[in-house]
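Fold and contact review
The lines below spell out each chain.
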Amino acid sequence: ILILAVISFLLEKIPVNMTVMLTLCALVLTGLVTPKEAVSGFASTTILMLIGVVIVGSALFETGVCDKIASIVTKYAKTERQMIMAIMILSTIMSAGLSNSGTVAVFIPIIIGITATTSFSRSKLLMSAFLGAMAGGRLTLVGDAAVNVLIGDQIKELGQPFGFFEISKIGIPLTVIMFLYIIGYKFLPDIKIYNDESQIFTEKAPKDVPRWKQVVSVVILLCVFVGMIFEDRTGIPSYMVAIMGAVADVLFGIFTEKQAYQLVSIKTVILLGGMTPLATALKNTGAAQIMADMLIRIIGGSTNVYYITIVIFILTCVMTQFMSNVVTITLLMPIIIAIAQ
């Protein structure tokens, strides 16, 4: 079932989520997981955390706070290099607390507006926003919630702490290296030809939102961050803090209840929840242990933690070229835990 699922993910002849649900059904029909185990992922703290974080983060986009911040910062950059670094730094900071895609979406119309009146390279500025958003996702627990929280929950289940800034230990060095690399900004692609008529994103009018709503959206986001950072002291877990923040956004009228529902992608929920039973089956049947032993034999029986980590890192990098981060992590987690044990 695992091999068939991986082949389907790679070929994409049927939608990814359909593969996820077919896998779930196959596991139940073959008796590898119980029906209760099959649907347990949909009630996971990972999904609750994701829902809360998406709504709280989207409030800053909805109220126009992100547009205002981006416009102010980019206005003071006079040269192309300054503009590239300003966009990259700001997108990194924003995506550390908001969604990667949302952060990039804020910058696209601003960048198009800037390049329409200057000689700056549109492709370089767009790429700098993208790279910054990807780097920011590795700075905090909520930066790329779908992956970070998924990993964090597994580590917590093993009895180890995984705090709000746990991933920063890896993310900060990677971000610094990226900034140093991009200082030689000639590496960024400089594509001169583009067609505005086929442009999906165009210059958009500023949002006409009361100032108090902008202030409230920022305050709620900061409260959620503080609540997550000090969850051990308050006794309120991060996922519950995120849900409270989402409820507060709706109560203050930043979103209607209907809008809040629409912010949460059902595709993401199915992807996260539907992959859980496969990981459960791999662990319960001993298949994960067999694969782990096989991988250890392939790398020569080494127990050097750095060597094993490098092999896993490379394997994950290769897999994520062909399938989503969430799918890759979910497939590998039980195998990696078995290797560690």
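The present account deals with the structure reproduced in this document. (Residues numbered from 1 in each chain as written. Predicted model: local features only at pLDDT ≥ 70, side-chain atom pairs only at ≥ 80, totals over all residues. Heavy atoms only, no water.)

1. Examining a nonpolar patch on the surface
- Taken together, the side chains of I3, L4, I7, L10 and L11 make up a nonpolar region of the molecular surface, amounting to roughly 520 Å² of accessible area.
- If you trace the backbone, L11 turns up in helix α1 (residues 2-11). (Patch = residues over 30% accessible without salt bridge, like charges linked within 9 Å, V, L, I, M, F, W, Y side chains within 5 Å. Areas by Shrake-Rupley, 256 points an atom, 1.4 Å probe, with all protein chains shown as cover. Salt bridge = Lys/Arg side-chain N within 4 Å of Asp/Glu carboxyl O. Helix = DSSP H or I, 4+ residues; strand = E, 2+ residues; numbered from the N terminus.)

2. Considerations on empty space enclosed by the protein
- What the rule picks out here adds up to one cavity of 30 Å³ or more.
- If you add up the space inside the largest cavity, you get close to 30 Å³.
- Surrounding the largest cavity, V53, V56, G57, G97, V142, L221, V224 and F225 form its lining.
- Taken together, the elements giving at least two residues each to the lining of the largest cavity come down to α4 (45-62) and α11 (211-229).
- Taken together, the residues of the lining of the largest cavity sort by class into six nonpolar, two polar and no charged. (1 Å grid on protein atoms, 1.4 Å probe; cavity = no way out; pocket = protein on both sides within 12 Å on 5 of 7 lines; lining within 4 Å. Points joined across faces, edges and corners; volume = space filled by probe spheres on them. Nonpolar A, V, L, I, M, F, W, Y, C, P; charged D, E, K, R; others polar.)

3. Let's talk about the nonpolar core
- Core analysis: the biggest nonpolar cluster contains 89 residues, and M49, F107, L125, M228 and L331 have the highest contact counts within it.
- Ignoring anything within four residues of it in the chain, the contact list for L125 reads E80, M83, I84, I87, I111, I114, T115 and F120. (Core = buried A, V, L, I, M, F, W, Y, C linked by side-chain atoms within 4.5 Å. Buried < 20%, exposed > 50% of the residue type's maximum accessible area, 1.4 Å probe, protein only. Contact = heavy atoms within 4.5 Å.)

4. As for the layout of surface pockets
- By volume, the largest pocket is sized at about 1900 Å³.
- Lining the largest pocket are 40 residues; nearest its centre among them are I151, I170, F313, T316 and I329.
- Counting residues per element, the ones that place at least two in the lining of the largest pocket are α8 (122-136), α9 (145-157), α10 (168-183), α18 (305-319) and α19 (325-340).
- Tallied by class, the residues present in the lining of the largest pocket amount to 26 nonpolar, eleven polar and three charged.
- In this structure, the second largest pocket occupies an estimated 970 Å³ of space.
- If you trace the second largest pocket, you find 42 residues lining it, with V54, S99, N100, S101 and G102 closest to the centre.
- Per element, the largest residue contribution to the lining of the second largest pocket is eight residues, and it comes from α4.
- Across the lining of the second largest pocket, the residue classes break down as 21 nonpolar, 14 polar and seven charged.

5. Overview of the packing of α4 against α9
- Running from N to C, α4 and α9 point in directions that differ by 145°, and their axes come no closer than 9 Å. Note that α4 runs across α9; the crossing there is right-handed. Across the interface between the two elements, T45, T46, M49, L50 and V53 from α4 touch A145, A146, V149, L150 and D153 from α9.
- Looking at the contact of α4 with α9 residue by residue, the classes come out as seven nonpolar, two polar and one charged. (Axes fitted to C-alpha atoms, helices over the stretch in contact; angles between N-to-C directions. Left-handed = near helix turned anticlockwise from the far one by under 90°.)

6. Some details on unusual backbone geometry
- The phi dihedral of E12 is positive, around 55°, even though this residue is not glycine.
- With respect to the helices, strands and loops of the structure, E12 is situated in the loop between α1 and α2 (16-29).

7. Concerning helix α5 (residues 65-75)
- Of all the positions in α5, only V65, C66, D67, A70 and T74 are classed as buried.
- On the buried face of α5, the contacting elements are α4, α6 (80-95), α7 (100-117) and α11.

8. Concerning the packing of helix α17 (residues 287-298) against α19
- Between α17 and α19, the shortest axis-to-axis distance is 8 Å and the interhelical angle comes to 65°. Of the two possible hands of crossing, α17 and α19 adopt the one that is right-handed. Contacts between α17 and α19 involve A288, Q289, M291, A292, L295 and I296 on the former and, on the latter, P334, I335, A338 and I339.
- Per-class residue counts for the contact of α17 with α19 are nine nonpolar, one polar and no charged.

9. Examining the packing of aromatic side chains
- In the structure shown here, the tally under the stated rule is two aromatic pairs.
- Measuring from centroid to centroid gives 4.9 Å for F164 and F165, while their planes differ by 90°, and the two rings are edge-to-face.
- Note on F165: relative accessible area 45%, which makes it partly exposed.
- Here F164 and F225 contribute two aromatic rings whose centre-to-centre distance is 5.3 Å and whose plane-to-plane angle is 55°, an arrangement assigned as tilted. Here F164 is found in the loop between α9 and α10, whereas its partner F225 is found in helix α11, with 61 residues between them in sequence.
- With relative accessibility at 3%, the residue F164 sits in the buried group. (Phe/Tyr/Trp six-rings, centres within 6.5 Å; stacked < 30°, edge-to-face > 60°.)

Geometric descriptors of this kind do not, in isolation, establish any biological role.
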